[in-house]
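Letter by letter, the chains look like this.
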Amino acid sequence: MRTRLIAVALWAAASSAAVAGPVGSSPTESDAAAQRYAPLYERELDRARAFVDQMMDAGVVVPVPRDPGGGYTHEQHKRNYKAIYEGGQLYRITGEQQYADYVRDMLLAYADLYPTLDEHPARKNSQSSGRIFWQVLNDAMWMVHGIQGYEAIRDSLSEADRKNIDDNLFRKAAEFLSTGSAVTFSKIHNHATWATAGVGMTGYVLGDRELVDIALLGLDKSGETGFLRQSELLFSPDGYYTEGPYYQRFALKPFVVFAGVIEKNDPARKIFEHRDGILLKALRTTIQLTYDGYFFPFNDAIKDKSLQTDELYHGVAIAYRKTRDPGLLSIAQWQGRTVLTNDGKLVADDLAAGKAMPFSFKSLLLSDGPEGEQGAVAILREGDSTSGQALVAKNSSQGMGHGHFDKLSWQYYDNGNEIISDYGAARFLNIEAKDGGRYLSENESWAKQTIAHNTLVVDEKSHFDGEVKVADSIAPEQLYFSDAEGAQISSAVIEGAYPDTRFIRTLALFSVDGLSAPVALDIVRVQSDSPHQYDLPLHYQGHIMRVGFDTESHIAARPVLGTGNGYQHIWVDAVGKPQGQNGFVTTLLDGRFYTYRFVPQQGAETILAEIGANDPSFNLRREPIIIQRTRDAQNTTFVSLLESHGRYDGAAEQTVGSDSLIKSLSHESVNGSDIVIVEKLDGKQVALVVSYDSDSEKKHSVKLGDQMLTWTGFAARIDLPAGKAKR
């Protein structure tokens with residue numbers, strides 16, 4: 001289980017000294033260092049001072065670029081741009097000349113080095129090469145940080161030093177990032193967001209309107225590319241970023257920081273009002289896309305990324321200044337960090353003054369696509385955001401090159417843990433031993449493939465046959481969403497993932513009287529023109545406690561499940577053919593039991609497996625999978641349920657409720673409607689009924705056994721008399 005970090009802000013006298021903001025501000029008085037600040041800001045000052053002082057003690061170290069991510073020169077240049085930024089802020093806040101001198105000397109060293117650089121020696125053919133770093137993205141990140149540090153000390157420099165740094169470093173770097181990297185600069189993509197932000201901020205600092213205009217409107221100034229167009233095409237109207245939460249977090253910093261600079265220098269643009277306030281919506285949406293502070297790992301995601309990240313320190317501070325939303329203060333409190341700007345000081349002051357309120361994590365539907373017409377992400381929540389339940393239905397678009405082939409996949413969280421998991425990316429960021437921190441080949445052979453996710457696989461092939469261009473052209477359709485108490489429901493359909501097959505997935509966070517937590521119900525309805533093999537994988541965390549059906553275990557040798565599309569990475573541990581009500585597996589994770597129960601289909605088998613085959617470099621995590629498989633089927637429906645129950649206390653050697661409280665799970669399809677009945681051990685029954693009717697006012701009735709079920713609209717939860725509804 002993750003350690004939960006809650007930073008508690010204590011009262012301290014707030015400083016009356018003005019603290020400068022982003023680009024465009026000037027140093028404070030020299031006695032500012034003696035001022036007292038609110039605790040969060042004071043700690044940020046101390047942390048920055050400790051880091052920059054350590055860098056100053058080591059001297060100015062600007063090596064000739066050589067290494068990929070994680071290597072010495074790569075990491076040194078990252079430390080340098082952080083020191084330039086923070087050194088500039090320290091000078092602006094404290095007025096101490098040593099910080100201005102250090103930043104000046106560092107930038108003069110770069111001004112000597114930069115004109116001598118060509119393509120980076122560790123460049124990769126598939127990436128746009130940088131000068132300081134192996135890819136141009138990192139050069140843009142250097143620029144965004146470096147120009148802010150430079151702006152803070154620029155007025156303190158001699159004319160000669162200022163001209164040297166202006167002309168030989170920042171103008172040359174801006175030229176390289178824009179016209180010299182025109183393909184990247186003109187993309188609608190997070191790499192271009194960083195590049196346009198760096199170039200535009202440089203334009204404001206140097207007083208170069210040409211740089212500002214091409215950053216905002218694109219190289220041809222048509223507005224078809226550039227920073228403004230990216231804000232229009234990369235976010236949905238609900239503030240969902242097309243590449244998913246991990247890259248939404250990453251792209252948010254250049255979006256909001258550059259927007260802050262635009263607001264200061266071009267207030268008439270009203271940048272934070274652009275597109276109905278899309279950037280502030282995006283900040284809130286980014287926070288909503290988390291559980292226990294960690295981002296839902298859609299697409300190419302590194303799973304250890306949380307709200308405790310530099311991008312969100314800036315984002316929360318800027319958004320709080322604009323909105324004064326007290327819920328954002330509670331996020332800053334959880335982060336335990338802020339930024340050395342006026343915005344960060346305001347956050348610290350108001351947090352110390354006790355103005356924080358809990359952030360409103362809630363169930364919601366987030367549309368995808370610029371017009372909100374390319375699917376959606378549904379988040380169903382019960383309880384709080386750190387230990388309650390969260391069911392996430394990923395019914396979104398492909399997400400460009402970082403997208404995975406996982407239409408209608410889902411994830412589930414409970415008790416502070418990811419229970420039904422998504423693999424995320426096969427990558428060890430900035431670890432040189434793992435291909436210099438780049439995406440590994442297993443990202444293509446495993447992590448992006450459909451079998452690596454919790455969704456339907458047909459004939460052991462990935463959605464869209466693994467073709468990104470095709471996937472980008474087809475998105476799911478969100479059919480229904482409800483956050484009604486007791487039966488929160490999401491339903492979506494995808495057509496085109498396979499040539500002659502469509503499938504609808506309905507997921508529900510579903511209350512059952514007498515159970516301590518809602519169950520997750522899953523209905524996958526598959527329709528095809530011809531028979532196929534259907535696999536429905538479930539990637540879970542935890543250790544198996546009980547298997548309800550007999551299995552044939554592979555003890556001496558582990559066969560591999562397939563030869564391609566991710567199947568070559570799966571070891572088969574056991575295979576069984578569940579029947580009746582023995583289709584379940586119970587697992588244990590972090591002191592809580594989970595029973596995955598499903599309705600066995602005639603002739604189907606269940607495969608218990610693990611990731612890791614054909615992985616000689618140990619690039620993949622060893623994680624378990626359950627696969628429901630049916631062969632030679634045309635139309636079929638998979639019905640499953642996940643129940644959390646009981647408690648295991650290893651220290652006290654105590655076990656409570658390790659067995660499921662559910663007696664049976666059954667499914668009927670009647671007149672086009674699906675009826676799923678959950679029966680408890682005490683005989684009480686509850687049904688989820690789904691008509692798939694878009695008319696919210698239409699009444700439906702179905703006779704099941706001697707019970708007449710009636711409901712209105714797309715779906716409903718119905719309590720049944722004990723033992724009355726079964727056929």
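To be clear, the structure that these remarks concern was listed above.
Residues numbered from 1 in each chain as written. Predicted model: local features only at pLDDT ≥ 70, side-chain atom pairs only at ≥ 80, totals over all residues. Heavy atoms only, no water.

## As for the overall build of the chain
Looking only at helices and strands, the chain features 16 helices and 29 strands. The C-alpha radius of gyration computed for the chain amounts to 28 Å, which stays within 12% of the reference 27 Å derived for 727 residues, consistent with globular compactness. The principal-axis extent of the C-alpha atoms belonging to the chain is close to 90 × 55 × 55 Å. Residue burial in the chain is summarised as follows: out of 727 residues, 60% are buried. Counted over contacts in the chain with a minimum sequence separation of 6, partners at least 24 positions apart contribute 67%. (Helix = DSSP H or I, 4+ residues; strand = E, 2+ residues; numbered from the N terminus. Rg over C-alpha atoms; globule rule 2.2 N^0.38 Å. Buried < 20%, exposed > 50% of the residue type's maximum accessible area, 1.4 Å probe, protein only. Contact = heavy atoms within 4.5 Å.)

## Some thoughts on unusual backbone geometry
If you check the backbone angles, Met400 has positive phi at about 60 degrees while not being a glycine. Along the chain, Met400 turns up in the loop between β5 (389-395) and β6 (409-414). Although it is not a glycine, Asn430 adopts a positive phi angle of roughly 65 degrees. Within the secondary structure, Asn430 sits in the loop between β7 (417-420) and α15 (441-447). Asn430 gets classed as partly exposed once you look at its relative accessible area, which sits at 26%.

## A short note on the side chain of Ser664
The topology assignment puts Ser664 in strand β24 (residues 662-670). A polar contact of 2.8 Å, which involves the side chain of Ser664, links it to the side chain of Glu679. (Polar contact = N/O pair within 3.5 Å; in protein donor to acceptor, adjacent residues only side chain to side chain.)

## Thoughts on the pairing of strand β12 (residues 519-528)
Taken across its 10 residues, β12 has nine buried, putting it largely inside the fold. By the bridge criterion, 10 bridges tie strand β11 (residues 501-510) to β12 in an arrangement that is antiparallel. Bridge assignment links Phe503 to a residue of β12, and that residue is Val526. Of the strand pairs in this sheet, β12 and strand β21 (residues 636-645) are connected by seven bridges, and their pairing is antiparallel. Considered in β21, the bridge of Val526 is made with Thr636. (Pairing = 2+ DSSP bridges.)

## Topic: the sheet that holds strand β8 (residues 457-458)
The antiparallel open sheet is built from six strands, whose spatial order is β8-β13-β20-β19-β16-β15. Pairing within the sheet leaves two strands with one partner each, and these edge strands are β8 and β15 (551-553). Relative to strand β20 (residues 624-633), strand β13 (residues 532-539) runs antiparallel, the two being bridged by seven bridges. Across the sheet, the residue bridging to Leu536 is Gln628, located in β20.

## Observations regarding helix α10 (residues 245-265)
Under the 1.5 Å per step criterion, the end-to-end length of α10 is 30 Å for 21 residues, consistent within 8% with the ideal 30 Å. By the largest-angle criterion, Ala251 marks the main kink of α10, which is about 35 degrees, and a proline, Pro254, follows within four residues. Counting buried positions over the 21 residues of α10 gives 18, a clear majority of the element. (Expected span 1.5 Å × (residues − 1). Bend = angle between axes of the 7 residues up to and from the residue.)

## Remarks on helix α12 (residues 310-323)
For α12, with 14 residues, the first-to-last C-alpha span of 20 Å sits near the 20 Å given by 1.5 Å per residue. With 10 of its 14 residues buried, α12 lies for the most part within the structure. All of the buried residues along α12 are Glu311, Leu312, Tyr313, His314, Gly315, Val316, Ala317, Ile318, Ala319 and Tyr320. Contacts from the buried residues of α12 go to α2 (72-94), α10, α11 (274-288), β2 (294-295), α13 (326-335) and α14 (342-352). Looking one or two residues past α12, Arg324 carries a phi angle of roughly 55 degrees, positive in sign.

## So, the packing of aromatic side chains
In this structure the tally under the stated criterion is 23 aromatic pairs. Where Phe296 meets Phe298, the ring centres are 6.3 Å apart and the plane angle is 25 degrees; that geometry is what we call stacked. With respect to class, Phe296 is no different from Phe298; both count as buried. Of the aromatic side chains, those joined through ring pairs into one cluster are Tyr204, Phe227, Phe235, Tyr241, Phe255 and Phe258. Stacked on the ring of Tyr85, the Lys or Arg Lys253 has its end atom at 6.0 Å from the ring centre. Stacked on the ring of Trp134, the Lys or Arg Arg438 has its end atom at 4.5 Å from the ring centre. (Phe/Tyr/Trp six-rings, centres within 6.5 Å; stacked < 30°, edge-to-face > 60°. Lys NZ or Arg CZ within 6 Å of the ring centre and 35° of its normal.)

## Looking at the sheet that holds strand β25 (residues 673-680)
Taken together, four strands build an open sheet; the order of strands is β24-β25-β26-β29 and the sheet is antiparallel. Only two strands of the sheet have a single neighbouring strand rather than two, namely β24 and β29 (715-720). In this sheet, neighbouring strand axes are inclined to one another by 15 degrees on average, regardless of whether the strands run parallel or antiparallel. Note: β25 against strand β26 (residues 685-690), six bridges, orientation antiparallel. By the bridge assignment, Val678 is partnered in β26 with Val686. (Axes fitted to C-alpha atoms, helices over the stretch in contact; angles between N-to-C directions.)

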